[in-house]
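Examining the three-dimensional arrangement
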Amino acid sequence: MDLTDIQKTYRSRRNRQIIIGLLALLGFAAMLYINVYPQAMAPLKPLQVVLLVLVLEAGMLIASLLNWRCPNCNKHLGRGWNPKACPKCGVELR
Ligand SMILES: [Zn+2]
């Protein structure tokens, strides 16, 4: 894989990562909302909604861990949301 391919793959992974992050935020917002308006998701009980959201959040976390990898060395890219280079192998990502 040449550098252009690596950077193209990195861009699509970063976009996916942003979508995963937004969905995770939405899940937390739903939890806050159900806290304030327990009847909002009736007939589901608030606890059922919270459990559902927790399962979804766990799924987002796993999706993020699997997605957020260097296209070159396949190691996890760490906590930054837009690194300039891979912290492991040093390939330029953008
Ligand atoms: Zn790397």
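Residues numbered from 1 in each chain as written. Predicted model: local features only at pLDDT ≥ 70, side-chain atom pairs only at ≥ 80, totals over all residues. Heavy atoms only, no water.

1. Side note on the overall build of the protein chain
Condition: The way it works is that DSSP assigns letters per residue, a run of H or I at least four long becomes a helix, a run of E at least two long becomes a strand, and they are numbered from the N terminus. Taken over C-alpha atoms, the radius of gyration is set against a globule rule of 2.2 Å times the number of residues to the power 0.38. Three labels apply to residues, based on accessible area from a 1.4 Å probe with only protein chains included: buried if under 20% of the type maximum, exposed if over 50%, partly exposed otherwise in between. Pairs of residues are marked as contacts when any of their non-hydrogen atoms sit within 4.5 Å. Each accessible area is a Shrake-Rupley result for a 1.4 Å probe, and residues are judged covered by the shown protein chains and nothing else. Counting rule applied: Lys, Arg positive; Asp, Glu negative; His and chain ends not counted. Charged side chains are reduced to one point each, which is NZ for Lys, CZ for Arg, CG for Asp and CD for Glu.
Counting secondary structure elements, the protein chain contains two helices and zero strands. Computed over its C-alpha atoms, the radius of gyration of the protein chain comes to 17 Å, more than 25% above the 12 Å expected for a compact globule of 94 residues. Its C-alpha atoms give the protein chain principal-axis dimensions of roughly 55 × 20 × 15 Å. Taking all 94 residues of the protein chain together, 28% fall into the buried category. Look at the contacts in the protein chain between residues 6 or more apart in sequence, and 46% of them connect residues 24 or more apart. As presented, the protein chain carries roughly 6,600 Å² of accessible surface, and 66% of it is formed by carbon and sulfur atoms. Of the charged side chains in the protein chain, 12 are positive and 4 negative, and the gap between their average positions amounts to 8 Å.

2. A closer look at a nonpolar patch on the surface
Our working rule: Two distance rules govern patches: like charges are joined within 9 Å, and nonpolar side chains (Val, Leu, Ile, Met, Phe, Trp, Tyr) within 5 Å, applied only to residues with over 30% relative accessible area and no salt bridge. Only one rule defines a salt bridge in this text: a Lys or Arg side-chain nitrogen within 4 Å of an Asp or Glu carboxyl oxygen.
Taken together, the side chains of Ile18, Leu22, Leu25 and Trp81 define a hydrophobic patch exposed on the protein surface, amounting to about 460 Å² of accessible area. Relative to the helices and strands, Leu25 is located in helix 1 (residues 3-36). By relative accessible area, Leu25 is classed as exposed at 56%.

3. Observations concerning the coordination of the zinc ion
Rules: Any nitrogen, oxygen or sulfur atom within 2.8 Å of a metal ion counts as a donor, with the limit raised to 3.2 Å for Na, K and Ca, and since water is left out, coordination shells can look unfinished.
Coordination of the zinc ion by the protein is provided by Cys70 (SG), Cys73 (SG), Cys86 (SG) and Cys89 (SG), with metal-donor distances spanning 2.2 to 2.3 Å. Each donor residue of the zinc ion belongs to the same chain, with the gaps between them written as C-x2-C-x12-C-x2-C. Separated by 19 residues along the polypeptide, Cys70 in the segment after helix 2 (46-67) and Cys89 in the segment after helix 2 bring together distant segments of the chain.

4. Focus on the side chain of Asn67
Defined as follows: The term polar contact refers here to a pair of N or O atoms within 3.5 Å; inside protein, the definition further demands a hydrogen-donor-capable atom paired with an acceptor-capable atom, and it admits residues adjacent in sequence only when both atoms are side-chain atoms.
Here Asn67 is to be found in helix 2. Take Asn67: its relative accessible area is 5%, and that puts it in the buried class. Here the side chain of Asn67 touches Arg16 through a polar contact of 3.1 Å, side chain to side chain. Once residues lying within four places of it in the same chain are set aside, the contact partners of Asn67 are Arg13, Arg16, Gln17 and Ile20.

5. A word on the layout of surface pockets
This is how the line gets drawn: Using a grid of 1 Å spacing that covers the protein atoms alone, one calls a set of points a cavity when a 1.4 Å probe fits there but cannot get out, and a pocket when the set is open and has protein on both sides within 12 Å along at least five of seven lines; lining residues are those with an atom within 4 Å of a point. Grid points are joined across faces, edges and corners, and a volume is the space filled by probe spheres set on the points. The classification used treats Ala, Val, Leu, Ile, Met, Phe, Trp, Tyr, Cys and Pro as nonpolar, Asp, Glu, Lys and Arg as charged, and all other residues, Gly among them, as polar.
Estimated volume of the largest pocket: approximately 160 Å³. Considering the residues around the largest pocket, the lining is formed by Arg14, Gln17, Ile18, Ser64, Trp68, His76, Gly78, Arg79, Gly80 and Trp81. Among the elements that take part in the lining of the largest pocket, helix 1 stands out by supplying three residues, more than any other. Across the lining of the largest pocket, the residue classes tally to three nonpolar, five polar and two charged.

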